[in-house]
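In case you want the letters, here they are:
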Protein chains: 2
Amino acid sequence: MKKPTIVDIAKRASVSVGTASNVMNRRPVVSKALVERVEAAAAELGYNRNTLAASLRSSRTGVIALVVPNIENAFFSEVLQEIENLALDSEKSVMFMTTGEDEARTRRHLQAIISRRVDGLIIVPAFDYQPALAELERYGIPIVVADRISQKNPFPSVSVDHKAAGEMAGRHLLEIGARDVVYFGHSRPDYWILKQRKDGFSAALANQPEQVSVRSFSLSLDVFVGKEQALTALKALDKPPQAIFAASNLASKSVLPALQAKGWSIPGDTRFLAMDDFEALTMMQPGISVISQPSAQIASQAWQKLMHLIDGEEAGENALLQPELIVRGSTPVIAASA
Amino acid sequence: MKKPTIVDIAKRASVSVGTASNVMNRRPVVSKALVERVEAAAAELGYNRNTLAASLRSSRTGVIALVVPNIENAFFSEVLQEIENLALDSEKSVMFMTTGEDEARTRRHLQAIISRRVDGLIIVPAFDYQPALAELERYGIPIVVADRISQKNPFPSVSVDHKAAGEMAGRHLLEIGARDVVYFGHSRPDYWILKQRKDGFSAALANQPEQVSVRSFSLSLDVFVGKEQALTALKALDKPPQAIFAASNLASKSVLPALQAKGWSIPGDTRFLAMDDFEALTMMQPGISVISQPSAQIASQAWQKLMHLIDGEEAGENALLQPELIVRGSTPVIAASA
DNA sequence: CTGTTAGCGCGTTCAA
DNA sequence: TTGAACGCGCTAACAG
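Being a predicted model, the structure only gives us computed values, none of them experimental.

(A) Focus on the protein's contact with DNA strand D. Surrounding DNA strand D, one finds 21 residues, the nearest of these being A:Thr19, A:Leu34, B:Ile6, B:Tyr47 and B:Arg49. Sugar plus phosphate, as a fraction of atoms of DNA strand D within 4 Å of the protein: 75%. Contact between DNA strand D and A:Ser16: a phosphate oxygen at 2.8 Å from a main-chain N or O atom of the residue. When contributions to the surface near DNA strand D are tallied by element, the ones reaching two or more residues are helix H4 (51-58) of chain A together with helix H4 (51-58) of chain B. Its residues placed into classes, the surface near DNA strand D shows eight nonpolar, eight polar and five charged.

Shown next as structure tokens:
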């Protein structure tokens, strides 16, 4: 079956292709009568616009690329869902790609983004990404960086105040009365936000009237390895710390199983606070208290910024959203021991 | 900065555009010397192929659409990740869309799929989808249906043997000695696979030497509503059943919290078996036993079928993959009571 | 093996 | 408002 083109529609409606094109693009320059005639003709012929041809001509594809490290992390899948909703509202489509925290893979994706003439990119980068993204700029493809910004991030960005998140965590543990805490994080010097969290956490616990003991451990980004590392760390302790802070999604997934293996219960033996919410934290018994990142807000603000950039406007100030403390059953107040 | 076109490359390399095109498409008809010259020219000018133009001309976009009900469900996100991997290997891009189990939304997505001239579609449908998909066929867009097939599914499909899954569940509960079981499912007559699961479950428990009591409850697809319904159902029981089977991801998310609210422990008060694995089931204490669907296999077989269809070949027999029983701590054998 | 050229379907002119 | 002509960048087909 031959697909009808805009020329066929124009003929059928007895108008020029120019007029038909104006109707398709909802340009308010065509008389109402003609609009109806064209639309009727399109419906009769089962016309379906060839976006490809339109894009080639207008050099706007209506496609947005979303690049995230992976999709297993609930935070990223929430961002994806939200972006997909926003795209549908704007009649855009989203091209989805994962970096796998891998530079070569990302490079291939960025290449595709350029050659497909994607209108814009929202990326949660996984490493020192500036050189790779610079190439996109050469092609005039707007970029918004979400969540993981680096210290000297040159792109419009929407992120969470990770330092505040760390502080929030520290303060909460202080408030429940913990004076002996363990911090599980990761030591990737290229992830500035992890350093931010830790700095915030340390700052909150420093210079307290009562001395607070903080021990820190760095875990692998591989959950299985991380669990073993966490277990080793726990075994080296003579008794459970009063509280544990897992400074990332992955840290939680490593430390919680390690605690189970070690046989220390929450909140009986130790309090537990997590960074970055995900479903398992809500379903566990007791629920795990968490510092949560506002994924939907991040997505929608990133989207807005990108739309502005695509329209040739300014993206505006970089956004730094506030995290939220969600208290569940894992961090009750510690009774003062005699 | 003006983007170089293939004409510029051809000029720079002193070859014809046809030859340059052949090099870009890795067609093995160009002499090695020229290939090198063209590639050098492309590198020097920072050439980036305009896939849009190529697609318009060749009517192949190299874009695959993946349409799933949502992304929160771990099963779908695993499928997405796998598809994305496969796409990268084949230098294709994936357009991602969710139906939200909503027909109007899906229709809009399918419209976009057509007008963007996507090469093929892998869909996990959410309702009686045949009329909507028929339109795609008119446009010659190959379709592979994954996971949720309907009884009379006319499209090439890759699914799980949901009846076998139900049987597997029933048999496992039988084997651990349960004679008094509760089944939590959903009653959506348009979801054939849910009926299949239940039929399989019932079949496994019927005609046993010892009579097995099976009580069934239908839950809403909304988890919060479902939890309340499950709680009401549990409260109506005078004592915990020996075993519970939650026949879907959503059912688990409803029933597990309801059990906590009711105060019945697993596996102390009742055994628990789930259908469809997700992370929280592994992290809970004890881990929840589950009938798992092979998401990666589903994705890769769907991909293969789609590639065949795109190449104009037969998709081959519809695939019906076998589910897998993963025994964790929630279904220990029930000691015979005196 | 390489060169030439028409045209994929649409959007944008510009004169009428 | 209209209509015709051109070109976006590339590939297919064919000629050499």
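(B) Region of the structure containing the protein's contact with DNA strand C. The environment of DNA strand C is formed by 24 residues, the closest being A:Ile6, A:Tyr47, A:Arg49, B:Leu34 and B:Arg57. The protein-proximal atoms of DNA strand C, defined as those within 4 Å of the protein, are 69% sugar or phosphate. A:Arg49 is positioned with one of its side-chain polar atoms (N or O) 2.5 Å from a phosphate oxygen of DNA strand C. The contact in question runs from a phosphate oxygen of DNA strand C to an N or O atom on the backbone of B:Ser16, over 2.7 Å. Contributing elements (two or more residues each) for the surface near DNA strand C: H4 of chain A together with helix H2 (17-24) and H4 of chain B. When residues of the surface near DNA strand C are assigned to their parent elements, the largest contribution, four residues, is made by H4(A). Residue composition of the surface near DNA strand C, grouped by class: eleven nonpolar, eight polar and five charged.

(C) Spatial organisation of the pattern of salt bridges. Residue and element names in this part refer to chain A. The full count for this structure, using the stated rule, is 25 salt bridges over all chains. Close ionic contact of Glu 36 with Lys 32 constitutes a salt bridge, the shortest N to O distance being 3.9 Å. One end of the pair is Glu 36 and the other is Lys 32, both in helix H3 (residues 32-45) and four residues apart, which spans about a single turn. Taking the relative accessible area as the measure of exposure, Glu 36 reaches 48% and is therefore partly exposed.

(D) Layout of the relation of the copies chain B and chain A. For the pair chain B and chain A, the superposition axis carries a translation of 0.0 Å, the fit reaches an RMSD of 0.1 Å, and the rotation angle comes to 180 degrees. A rotation of that kind, with that shift, is consistent with a two-fold axis. A share of 100% of the interface residues of chain B reappears at the interface of chain A, consistent with the copies meeting face to face through the same patch.

(E) Up close: the domain arrangement of chain A. As far as domains go, chain A holds domain 1 (1-47), domain 2 (51-159 + 296-321) and domain 3 (162-293). Inter-centroid distance (C-alpha atoms) of domain 1 of chain A to domain 2 of chain A is 34 Å.

(F) Quick peek at unusual backbone geometry. The amide bond that connects B:Ile266 to the next residue, B:Pro267, takes the cis arrangement and shows omega of 0 degrees. Inspection of the secondary structure assignment puts B:Pro267 in the loop between helix H11 (249-262) and strand E9 (271-275). In the segment running from B:Gln285 into B:Pro286, the intervening peptide bond is cis, with an omega of 5 degrees. We note that A:Glu91 has phi near 55 degrees; this positive angle belongs to a residue other than glycine. Along the chain, A:Glu91 falls in the loop between helix H5 (74-89) and strand E2 (93-98). Positive phi, normally seen in glycine, also occurs at A:Glu101, with a value near 55 degrees. Assessed through its relative accessible area of 29%, A:Glu101 is described here as partly exposed.

(G) Structural context of the pairing of strand E10 (residues 289-292) of chain A. Residue and element names in this part refer to chain A. Of the two faces of E10, the one carrying Ser 289 and Ile 291 and the one carrying Val 290 and Ser 292 are both buried. Across three bridges, the pairing between strand E9 (residues 271-275) and E10 is parallel. Each bridged residue has a counterpart across the sheet, and for Leu 273 the counterpart in E10 is Ser 289. With three bridges connecting them, E10 and strand E12 (residues 324-326) associate as antiparallel partners. Its bridge partner lying in E12, Ile 291 is registered against Leu 325.

(H) A look at the packing of H2(B) against helix H3 (residues 32-45) of chain B. Residue and element names in this part refer to chain B. The geometry of H2 relative to H3 is characterised by a closest axis approach of 10 Å and an angle of 85 degrees between their N-to-C directions. When the axes of H2 and H3 are compared, the pair comes out roughly perpendicular. Contacts from Thr 19, Ala 20, Val 23 and Met 24 of H2 reach H3 at Leu 34, Val 35, Val 38, Glu 39 and Ala 42.

(I) Main features of the interface of chain B and chain A. Every contact between the two is made by 55 residues of chain B and, on the other side, 55 residues of chain A. On inspection of chain B and its partner chain A, the count reaches four salt bridges. Note that B:Arg105 and A:Glu84 form a salt bridge whose closest N and O atoms lie 2.5 Å from each other. At the junction of chain B with chain A, the criterion picks out 32 residue pairs in polar contact (both at pLDDT 80 or more). Of all the secondary-structure elements, those providing two or more residues to the side of chain B that touches chain A are H4, helix H5 (74-89), strand E2 (93-98), helix H6 (103-115), helix H7 (130-138), H11 and helix H12 (279-283) of chain B. It is H6(B) that contributes the most residues to the side of chain B that touches chain A, seven residues altogether. Each residue belonging to the side of chain B that touches chain A can be placed in one class, and the counts come to 22 nonpolar, 19 polar and 14 charged.

(J) The arrangement of the packing of aromatic side chains in detail. A full pass over the atoms with the stated rule returns eleven aromatic pairs over all chains. For the pair B:Phe75 and B:Phe76, a centre-to-centre distance of 5.5 Å together with 65 degrees between the ring planes defines the contact as edge-to-face. As far as burial versus exposure is concerned, B:Phe75 and B:Phe76 are alike and both buried. Each ring, one from B:Phe201 and one from B:Phe245, has its centre 5.1 Å from the other, and the planes form 15 degrees; the classification is stacked. Here B:Phe201 is found in helix H9 (residues 192-205), whereas its partner B:Phe245 is found in strand E8 (residues 243-246), with 44 residues between them in sequence. As far as burial versus exposure is concerned, B:Phe201 and B:Phe245 are alike and both buried. Taken together through their ring pairs, the aromatic side chains of A:Tyr183, A:Phe201 and A:Phe245 make up a single cluster.

(K) Broad picture of the packing of H5(B) against helix H13 (residues 295-310) of chain B. Residue and element names in this part refer to chain B. Put simply, H5 and H13 touch, their axes get as near as 8 Å, and they point 45 degrees apart. Considering their axes alone, H5 and H13 lie oblique with respect to each other. For H5 against H13, the interelement crossing comes out right-handed. Between H5 and H13, the contacting residues are Phe 75, Glu 78, Val 79, Glu 82, Ile 83, Leu 86 and Ala 87 on the first element and Ser 295, Ala 296, Ile 298, Ala 299, Ser 300 and Trp 303 on the second. Classifying every residue of the contact of H5 with H13 gives nine nonpolar, two polar and two charged.

About the criteria used
- Residues numbered from 1 in each chain as written.
- Chains lettered and ligands numbered in written order.
- Predicted model: local features only at pLDDT ≥ 70, side-chain atom pairs only at ≥ 80, totals over all residues.
- Heavy atoms only, no water.
- Near = heavy atom within 4 Å.
- Polar contact = N/O pair within 3.5 Å; in protein donor to acceptor, adjacent residues only side chain to side chain.
- Helix = DSSP H or I, 4+ residues; strand = E, 2+ residues; numbered from the N terminus.
- Nonpolar A, V, L, I, M, F, W, Y, C, P; charged D, E, K, R; others polar.
- Salt bridge = Lys/Arg side-chain N within 4 Å of Asp/Glu carboxyl O.
- Buried < 20%, exposed > 50% of the residue type's maximum accessible area, 1.4 Å probe, protein only.
- Least-squares fit on C-alpha atoms with pLDDT ≥ 70 in both.
- Contact = heavy atoms within 4.5 Å.
- Domains from an automatic or database assignment.
- Pairing = 2+ DSSP bridges.
- Axes fitted to C-alpha atoms, helices over the stretch in contact; angles between N-to-C directions.
- Parallel < 35°, antiparallel > 145°, perpendicular 65-115°, else oblique.
- Phe/Tyr/Trp six-rings, centres within 6.5 Å; stacked < 30°, edge-to-face > 60°.
- Left-handed = near helix turned anticlockwise from the far one by under 90°.

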